[in-house]
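Here is how the chains run, residue by residue.
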2 protein chains.
Amino acid sequence: MASIRDVAALAKVSTATASRALSGRGPVSPATRERVLRASAELGFVPSANAAGLASGRSRNIGVIVPGVDRWFFAKVVRGISEELLDQGYDLSLYTTGGSHDHQEKVLQDYLLRQRLDAVVPVALELTTRERERLVAIGRPIVGVGGAMPGTLTVGIDQEAAGALATGHLTGLGHRHIAHLTAGKDPHRDFGLTGTRQGGFERAMAQAGLVVRPEWVITSDFTLNDAYARAKALLAAPERPTAVFAASDEMAVGTILAARDLGLRVPDDLSVVGIDGHELGDVVGLTTVAQFPERQGARAAARLLQQLAHDGAPDEPQHETVATDFVVRSSTAVPPSPGSRSRRSAASPSPG
Amino acid sequence: MASIRDVAALAKVSTATASRALSGRGPVSPATRERVLRASAELGFVPSANAAGLASGRSRNIGVIVPGVDRWFFAKVVRGISEELLDQGYDLSLYTTGGSHDHQEKVLQDYLLRQRLDAVVPVALELTTRERERLVAIGRPIVGVGGAMPGTLTVGIDQEAAGALATGHLTGLGHRHIAHLTAGKDPHRDFGLTGTRQGGFERAMAQAGLVVRPEWVITSDFTLNDAYARAKALLAAPERPTAVFAASDEMAVGTILAARDLGLRVPDDLSVVGIDGHELGDVVGLTTVAQFPERQGARAAARLLQQLAHDGAPDEPQHETVATDFVVRSSTAVPPSPGSRSRRSAASPSPG
DNA sequence: GTGAAAGCGCTAACAG
DNA sequence: CTGTTAGCGCTTTCAC
């Protein structure tokens, strides 16, 4: 394991000059720089991260805090961040807080304080005020992904607009009986964004002059399985909606599968729209608001690196909204005419 | 940011003693230890990872190399590793190699050499001999997850047995016309394990006295979407199998959805079995060999930590096989009797 | 533009 | 059991 002293010796310069040449910080003549780089390459020199970090205070390492990596959105965001960082020579430290109750505590009051991180990307993290203060207290740049975090720069889609867009698509098709599958707030893995998708739903409903039926706003948990069960109950009831807006594609697909299992045709008997752009939506022809989480992650990482390059001058706190793409496929259509409704024999689904 | 000198001063001991008390390495009297811990807590002391790492050579940091984190198996493995490490106070550095062609190169010849890692967990990584040598050359313990890596300790299921188990289930039900959806080898994201699942398929077929039809061994890519398309082609052909063994649950679900879209009933017209234990299998009643990747990840991490605790004495290279669970649900049944075959009007599906 | 020297904050001999 | 003393390998003033 060659050290910088070996490199310096081979290039016949001091370690100081070698360091300057290798890092690009500080003046070095082109000729010496060339000699040093050659020596470094010849020896296969790789600087010790610990030594460099200790001496300089910079670690070339970004911390990513995420509720879990085995959920679609988080996985995609982490992928986006990881690839951006890998390109730029930065390490990525991953902290998952969703697993056990005290992991989040531990991460915030121990892991993040080890001075190993140049910056932090909290993903869809719901923090108490105290916790947010702790995060800020590490004195490093922060860029969040997902929900907006007061006081810090964040990257994400406009949740409310996405919800309104999806819902407006349904009302525009003429649907008047629309249910909404939202996701409950789980203290362990809060996404900090559901509320506003629901807000968009409510706004679009109001704008179409429709009333939101409380019993048709159903809390699920972002998973396909739970949504399947809830949609089955919803759609098996005597009165059922002609359309469902699910706050995630996985829940939307669960709804489609539930409808199919009840003998309902999509979109003939039921229209379904989701949010995400999940690969799963493809085979069932799901209409959705695609949100490209990789890009969000990559964007957050890029902003952070940019800040670090400008010597840590933090951008002013704000939410950077990234664009979504409305993908119309075959799960949405005009509502069935009252005469042609469904193969089920239940009472007329036309509500009050 | 309190340093160990502050702690030592407050506890009225030397920094050496403070270090010993805090790390548990070296002798300290109970009384002084208590004083040091109290002082540390009072000051909110968190040791600098860089300084500790530089001085000791240990970084309390494990590197995880994974093709990507946005695939079910990898995400679950990473989750398992992450939680185990978080519990033990270890950091996790994540490297994704699947994104761009040279990321794997970069990780192997730069990132891993920064002396920031105490150990490495390569997940389902397919390496050339040279690359494997590089990995070993970092001189740190290695425990792989997924496919077996010659020369290193690995944790994973018995792929061949899993394939044979799934296939044997089908032959046991009386199926004679069985297709297999396998996953091709992609140089960027190789899983290093598909071959053996297919090997299990072939063995079970042979044991049942059945011939493997080459045109019924179909290469897909582990994704639901691709499997859906290939299954549709397979099942729309004049002669079709009565059962499909898919090498992953996502591919199995794709097959089920394709069958449904063709008007085939599962399991009446077609039995489908997968491998994984993917959540998605639940709502479609998929019979599968569950493999619990979180446990595999956690196990690998635990073994690594154990090695590090024993001062790096590496366990002898071998493959540790973890148990699978065969979950029978509703996607498999006895094959249809020739008379009752399907609603499709095509030629008799009974082969040869 | 370059080198000498002083640390970064902690750990690990080595004495005592 | 505890303190003193060197570093770990690099970066960074500060002179020149």
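Below you will find a few notes about this structure. The shown structure was predicted, so the numbers you read here are calculated from the model rather than taken from an experiment.

Looking at the protein's contact with DNA strand D
Not every one of the 24 residues close to DNA strand D is listed here, only the nearest: Ile4(A), Ser19(A), Arg58(A), Ser29(B) and Thr32(B). Each atom of DNA strand D within 4 Å of the protein was assigned to sugar, phosphate or base; sugar and phosphate come to 63%. Contacts to DNA strand D include Ser19(A), whose side-chain N or O atom sits 2.6 Å from a phosphate oxygen. Among the elements of the structure, helix H2 (15-23) and helix H4 (49-56) of chain A together with helix H2 (15-23) and helix H4 (49-56) of chain B are those that each provide at least two residues to the surface near DNA strand D.

What about the protein's contact with DNA strand C?
As a matter of local geometry, DNA strand C sits amid 24 residues, with Pro27(A), Ser29(A), Ile4(B), Ser19(B) and Arg58(B) nearest to it. Close to the protein, within 4 Å, the atoms of DNA strand C are drawn from sugar and phosphate at a rate of 65%. A distance of 2.8 Å is found between a phosphate oxygen of DNA strand C and a backbone nitrogen or oxygen belonging to Ser29(A). In the environment of DNA strand C, a phosphate oxygen lies 2.6 Å from a nitrogen or oxygen atom belonging to the backbone of Ile4(B).

Considerations on the pattern of salt bridges
Within this structure, the stated rule accounts for 32 salt bridges over all chains. Across the pair Asp91(A) and Arg116(B) runs a salt bridge, and its minimum N-O distance is 3.3 Å. In this pair, Asp91(A) is assigned in strand E2 (residues 91-96) and Arg116(B) in the loop between helix H6 (103-109) and strand E3 (119-122), connecting two distinct chains. Since its relative accessible area comes to 4%, Arg116(B) is described here as buried. A salt bridge links Arg213(B) to Glu239(B); the nearest nitrogen and oxygen atoms lie 2.6 Å apart. Of the two residues, Arg213(B) is situated in the loop between helix H9 (194-207) and strand E7 (217-220) and Glu239(B) in the loop between helix H10 (224-236) and strand E8 (243-246); the sequence distance between them amounts to 26 residues. Look at the salt bridges and you will find they share partners, linking Asp70(A), Lys76(B), Arg79(B), Glu83(B) and Glu279(B) into a network.

How each quantity is defined
- Residues numbered from 1 in each chain as written.
- Chains lettered and ligands numbered in written order.
- Predicted model: local features only at pLDDT ≥ 70, side-chain atom pairs only at ≥ 80, totals over all residues.
- Heavy atoms only, no water.
- Near = heavy atom within 4 Å.
- Polar contact = N/O pair within 3.5 Å; in protein donor to acceptor, adjacent residues only side chain to side chain.
- Helix = DSSP H or I, 4+ residues; strand = E, 2+ residues; numbered from the N terminus.
- Salt bridge = Lys/Arg side-chain N within 4 Å of Asp/Glu carboxyl O.
- Buried < 20%, exposed > 50% of the residue type's maximum accessible area, 1.4 Å probe, protein only.

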